[in-house]
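As a plain string of letters, each chain reads:
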Amino acid sequence: MIILGLNAFEEKPSACLLIDGRLKRFCEEERFTRLKGSYGHFPINAVKWCLKSEKLSLNSVNKIAFSWGCGKYPYEMLAHLAKIKLKSFLHKMGHRYTTSESNGSVLDGLSYLYRHTPDYIRRKIRDSFRMGGFIESIPDIVFVEHHLSHAYQAFNQSPFESAAVLVADGSGEDKCVSGFHFSNGHFNKIFSIDVPYSLGWFYAGFTAYLGFRPNMDEGKLMGLAAYGEERKNNNNWIERLNKIIRLSEAGYEIGAKYFKFGGNSFHPKFTDHLAHYIKSFNNNLSPLGMNNQDIHLKNEYVDIAFAVQYHLETIVQSLVRKLIEATGCQNLCCSGGIFMNCKLNGSLLHNTAVKNIFVHPASSDDGTSIGAALYVSDGLGQLSRNLLENVQYGPRYTNDEVEEILKTCHISYIRPDDIGLEVAKILSRQQTVGWFQGGVEMGARALGGRSIIAYPGNTEVKNTLNARIKFREAWRPYCPSVLKEKSALYFKDPIETPFMTIARTATDTLKKRAPSVVHVDGSIRPQTVDKNILPKWYHMIENLSCFGLDPIVLNTSFNIKGEPMVCNPYDAIRTFFATGLDALAIEDYLIIK
């Protein structure tokens, strides 16, 4: 039984392949198009790679699983939207961002509903396959509700036999939060919160207000918030935002007019109501446009970011407590774009009764292609547990393939006896290395497959990376990869965090020995490395001890600002020669400038 999972036409398109209930291949479309996010695309390149890598044709596929509940369109969704504020909401769904709400914008909103109907999406999928060169008949398409896709993805790839599962994102059809309980091969939906009361829209709105790109740069808001930690006791914005978002008996309330119902003179992700409310306290706190350099580092903007992060954490912690109380289960699985916020994830272990947590590394919409395929497989009685230990499900290249490409590019290279030892030696000289090994990782984090690495023993290395290699804001933090058995030395309350999804607090030892991976508030986003799962990555980090250094590397994604992580050797070579990187370790070959 072969199932092709798809997330397409919206955020972070991706494709995966399940064979007899086992995940075999997965990759995001952006890795092939080289367009960050590849919003709106059909993942034709990812599909081609999935099928080719398993020597399959489209005719071999039994089912296509599509991670959006198109069966709800148009009538069920229309009825739901009529219950909230139909005209205003359709105005937004139609993507007409003007200060007036004309009949034309309502028609655009109705068009949006039509464009998600099963017949429309089936034709769009068929046309995308045809334009991609496929002439075979299109397999049967199964539409899976978005939050159910997230939930299946998170639970099935977790280590738990039973778990509470929380999904939170921008929206999935008519839902923006869903709580589930998975146990004994069954699941129950415990609660849900409807659109438009979306935590994702709340966070994206403030991301845009602070001059960042929503649905892409929320991590910048999270990083900026940390600079307000020392002033938190005097931060008036924590109380002021209670008018916009607050706890309630139902879970929480959001003033939808600040993000959806109203004119949008500044940005489509927030309304004029939000700008007016913020400026009523300080008329100088106007919404920031893109590339405002470091204006967002002004204390006033930082304090807003801190308050936004504070309220997000408070609300989600409350939802988790409600879910645990309802299920009696202290194992928690999380998915949805909200849980790309590692600071939030770490707070759940300290402020709720959660004992064990699994946050899927592809919690954004990219991972829903996996969840949809798992759901369809389960319905066919084919599902197996897919414990996620290693995230390298994407394209990989042999030494022979790499060497041929290096020769084609007329690049001088060597093949050392021990690539890990040689890279450790380069790092010990305070130089930087592009690390290209094994398959492409799923999700947004570099985890030893496509990484840029340095030794984090001083703060200057962070400045070098930001200015000469990543070309990004100087204030943004970097992450450490550490040997699993050494984690207690470097961060407090150590747990296994193999996917960099859960923030921890640095020990004084880490702050002293590796300051460039500790954020301003003392937080870190670590990867714990298991020798049995990532032996080559582990070996390289371990070899730093041979040069009198701690077995820690600063690990960031192998890309520059605004680009996806590198996928193939050509991508790695281009990035290497276009940046200030000193060396490139590409499988067993080493290139040195």
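Note that the coordinates shown come from a computational prediction; the quantities given were computed from them, not determined experimentally.

1. Some details on a nonpolar patch on the surface
A cluster of nonpolar side chains, contributed by Leu78, Leu107 and Leu110, occupies part of the molecular surface with about 240 Å² of accessible area. Its place among the elements puts leucine 78 in helix H3 (residues 75-83). Judged by relative accessible area, which is 30%, leucine 78 ranks as partly exposed.

2. Observations regarding the nonpolar core
Judged by nonpolar contacts, the single largest core of 63 residues is most densely connected at Leu166, Leu199, Phe206, Val316 and Leu332. Among the elements that make up this core, the one with the highest residue count is helix H12 (residues 299-327) (14 residues).

3. A short note on the packing of aromatic side chains
For the structure on display, the rule yields 29 aromatic pairs. Ring centres of phenylalanine 180 and phenylalanine 187 lie 6.2 Å apart, and the angle between their planes is 65°; this geometry places the pair in the edge-to-face category. Of the residues examined, phenylalanine 180 reaches a relative accessible area of 3% and is grouped as buried. Judged by centre distance (5.4 Å) and plane angle (85°), the ring pair of tyrosine 413 and tyrosine 589 falls under edge-to-face. Of this pair, tyrosine 413 sits in the loop between helix H15 (399-408) and helix H16 (419-428) while tyrosine 589 sits in strand S21 (residues 589-592), placing them 176 residues apart in sequence. Residue class for tyrosine 589 comes out buried when judged on its relative accessible area of 1%. Clustering of aromatic rings is evident, with ring pairs tying together Phe9, Phe42, Phe66, Phe129, Phe134 and Phe143. When the ring centre of phenylalanine 9 is taken as origin, the NZ or CZ atom of lysine 124, which lies over that ring, is 4.6 Å away. One Lys or Arg, arginine 472, reaches over the ring of tyrosine 478 and ends 4.0 Å from the middle of that ring.

4. Remarks on helix H8 (residues 199-209)
For an α-helix the count is 3.6 residues per turn, leaving residues at separations of three or four pointing the same way. The buried fraction of H8 amounts to eleven of the eleven residues, a majority that puts the element mostly inside the structure. Inspection of H8 places Leu199, Gly200, Trp201, Phe202, Tyr203, Ala204, Gly205, Phe206, Thr207, Ala208 and Tyr209 among the buried residues, and these make up the whole buried set. The opening residue of H8 is serine 198, an N-cap whose side-chain oxygen sits 3.2 Å from the backbone nitrogen of glycine 200. Immediately downstream of H8, the backbone of glycine 211 shows phi near 90°, a positive value.

Criteria and cut-off values
Residues numbered from 1 in each chain as written. Predicted model: local features only at pLDDT ≥ 70, side-chain atom pairs only at ≥ 80, totals over all residues. Heavy atoms only, no water. Patch = residues over 30% accessible without salt bridge, like charges linked within 9 Å, V, L, I, M, F, W, Y side chains within 5 Å. Areas by Shrake-Rupley, 256 points an atom, 1.4 Å probe, with all protein chains shown as cover. Salt bridge = Lys/Arg side-chain N within 4 Å of Asp/Glu carboxyl O. Helix = DSSP H or I, 4+ residues; strand = E, 2+ residues; numbered from the N terminus. Buried < 20%, exposed > 50% of the residue type's maximum accessible area, 1.4 Å probe, protein only. Core = buried A, V, L, I, M, F, W, Y, C linked by side-chain atoms within 4.5 Å. Phe/Tyr/Trp six-rings, centres within 6.5 Å; stacked < 30°, edge-to-face > 60°. Lys NZ or Arg CZ within 6 Å of the ring centre and 35° of its normal. Polar contact = N/O pair within 3.5 Å; in protein donor to acceptor, adjacent residues only side chain to side chain.

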